[in-house]
Amino acid sequence: SPAAGGSTSGGGSFASGSSCTVVANVNAGYTFNNWTENGNHVSVYPNYTFTVDGNRNLVANFGQLFYTVSTSSSPTSGGTTSGGGSFASGSSCTVTASPNNGYSFTNWTVNGSPVSSSASYSFTVSSNRTLVANFAQIQYTVSTSSSPTSGGTTSGGGSFASGSSCTVTASPNNGYSFTNWTEYGNLISVTPSYTFTVSGSRFLVANFSPVQYTVSTSSSPANGGTISGAGSYAIGSLCSLVATSNAGYIFDYWVDANGILVS
């Protein structure tokens with residue numbers, strides 16, 4: 001009792017006063033409890049010996065073994081697990097691993113050895129088991145570039161675990177100033193050093209603008225002639241100044257603000 005719990009041997013026909021030994025043989029997943037007769041306890045031993053003095057109706061009672069299935073997460077921040085508990089030997093158990101945001105499920109291990117790469121793992125319980133669901137942080141790529149490429153350099157990009165902090169920095173070249181960071185044409189930041197929490201791959205562009213300089217001119221004497229070409233110019237661009245003499249004057253030369261001859 002139950003019939004699946006095991007088998008018995010030793011019964012039969014015996015002469016009064018002879019010795020009889022009945023044996024309870026336990027099946028896998030069960031344990032022997034006791035011998036009973038008419039519901040009354042008669043022995044706790046699988047091998048029960050007695051002197052025959054009448055007809056006997058003995059029942060070997062078996063109990064199903066129960067095992068504990070324990071689950072945990074590594075790292076604990078990686079996700080949660082479910083499905084563990086107490087299970088009868090031979091029953092089916094399904095444990096499930098659910099990764100947290102920013103993590104992916106890797107595998108189930110027992111004592112460090114992989115047993116399944118499926119987040120939902122089903123098996124037949126035959127012993128105590130301590131299962132570990134292993135998770136890995138998702139890695140994202142942060143890419144940076146300069147526009148125009150001659151405008152400056154960028155740093156801080158690379159591969160980052162989800163949830164980590166990233167700081168990208170834009171450094172303008174000589175003659176340029178930093179304008180902003182954009183991503184797919186959308187404004188992201190107006191500061192050269194931009195810090196954010198990584199939650200996906202990023203494609204950041206540091207935008208630079210040429211520095212504008214003012215070219216001012218004057219005539220000496222003032223009534224000697226007129227000048228064209230003054231104005232605002234980007235560094236590296238070509239500026240052409242033209243001095244046109246008034247009647248009674250001829251052009252002499254150009255000097256800078258410090259009186260140094262330039263042309």
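Data block above holds the structure.
Residues numbered from 1 in each chain as written. Predicted model: local features only at pLDDT ≥ 70, side-chain atom pairs only at ≥ 80, totals over all residues. Heavy atoms only, no water.

Caption draft 1: Inspection of the packing of aromatic side chains at higher detail. One pass over the structure, following the stated rule, counts 11 aromatic pairs. Taking 6.3 Å as the distance between ring centres and 55° as the angle between the ring planes, the aromatic pair formed by F178 and W181 counts as tilted. As far as the burial class goes, F178 and W181 line up, both buried. Every member of this aromatic cluster is reached through a ring pair, and the members are F32, W35 and F62. Between R56 and the ring centre of F50, over which it is positioned, the NZ or CZ distance is 4.6 Å. Here the basic side chain of R202 rests over the ring of F196, its NZ or CZ set 4.7 Å away from the ring centre. (Phe/Tyr/Trp six-rings, centres within 6.5 Å; stacked < 30°, edge-to-face > 60°. Buried < 20%, exposed > 50% of the residue type's maximum accessible area, 1.4 Å probe, protein only. Lys NZ or Arg CZ within 6 Å of the ring centre and 35° of its normal.)

Caption draft 2: The nonpolar core, seen in detail. Among the nonpolar cores identified, the biggest contains 16 residues, and V69, C93, V95, W108, F123, V125 and L131 are the most heavily contacted of them. Contributions of two or more residues to this core are made by β7 (66-74), β10 (92-99), β11 (103-110), β13 (120-124) and β14 (129-137). Broken down by element, the residue count for this core peaks at 4 residues, all from β11. With residues near it in sequence (within four places) discarded, F123 still touches V69, S91, S92, C93, V95, R129 and L131. (Core = buried A, V, L, I, M, F, W, Y, C linked by side-chain atoms within 4.5 Å. Helix = DSSP H or I, 4+ residues; strand = E, 2+ residues; numbered from the N terminus. Contact = heavy atoms within 4.5 Å.)

Caption draft 3: Quick look at the sheet that holds strand β16 (residues 152-155). The antiparallel open sheet is built from 3 strands, whose spatial order is β16-β18-β21. This sheet does not close on itself; its edge strands, each paired only once, are β16 and β21 (193-197). Each neighbouring strand pair of the sheet contributes to a mean axis angle of 15°, computed without reference to strand direction. Pairing geometry for β16 and strand β18 (residues 165-172), over 4 bridges, is antiparallel. Directly across from T153, in β18, lies its bridge partner S171. (Pairing = 2+ DSSP bridges. Axes fitted to C-alpha atoms, helices over the stretch in contact; angles between N-to-C directions.)

Caption draft 4: Quick peek at the sheet that holds β14. Pairing in this open sheet of 5 strands is mixed, and the strands run β9-β7-β14-β11-β12 from one edge to the other. This sheet does not close on itself; its edge strands, each paired only once, are β9 (85-88) and β12 (113-116). Across the sheet, the mean angle from the axis of one strand to that of its neighbour is 40°, orientation sign disregarded. Inspection of the sheet shows β11 paired to β12 by 3 bridges, in the antiparallel sense. When the bridges of β12 are listed, T109 appears paired with P114.

Caption draft 5: Local environment of the environment of T124. Mapped onto the fold, T124 is located in strand β13. Among residues more than four places away in sequence, those in contact with T124 are G90 and S91.

Caption draft 6: Structural context of unusual backbone geometry. With an omega of -5°, the peptide bond running from S74 to P75 counts as cis. With respect to the helices and strands, the residue P75 is situated in the loop between β7 and β8 (79-82). The linkage connecting S220 with the following residue, P221, adopts the cis geometry, with an omega of -5°. Its location among the elements puts P221 in the loop between β23 (212-215) and β24 (225-228). Even without being a glycine, N38 presents a positive backbone phi close to 55°. Relative to the helices and strands, N38 resides in the loop between β3 (30-37) and β4 (40-43). Unlike most non-glycine residues, N111 shows phi in positive territory, near 55°. Mapped onto the elements, N111 comes out in the loop between β11 and β12. Relative accessible area serves as the criterion here: at 77%, N111 is assigned to the exposed category.

Caption draft 7: Local environment of the side chain of S162. Inspection of the secondary structure puts S162 in the loop between β17 (158-161) and β18. Residues contacting S162, with those up to four places away along its chain left out, are G102, Q137, I138, Y140, V198 and S199.

Caption draft 8: Molecular detail of the pattern of salt bridges. On inspection of all chains with the given rule, the structure shows 2 salt bridges. The closest approach of N and O atoms between E37 and R56, which form a salt bridge, is 2.7 Å. Of the two residues, E37 sits in strand β3 while R56 sits in the loop between β5 (47-51) and β6 (58-64), which places them 19 residues apart along the sequence. (Salt bridge = Lys/Arg side-chain N within 4 Å of Asp/Glu carboxyl O.)

Caption draft 9: Representation of a nonpolar patch on the surface. On the surface, F251, Y253, V255 and L261 cluster together into a nonpolar patch covering about 400 Å² of accessible area. Structurally, Y253 is set in the segment after β26 (242-245). (Patch = residues over 30% accessible without salt bridge, like charges linked within 9 Å, V, L, I, M, F, W, Y side chains within 5 Å. Areas by Shrake-Rupley, 256 points an atom, 1.4 Å probe, with all protein chains shown as cover.)

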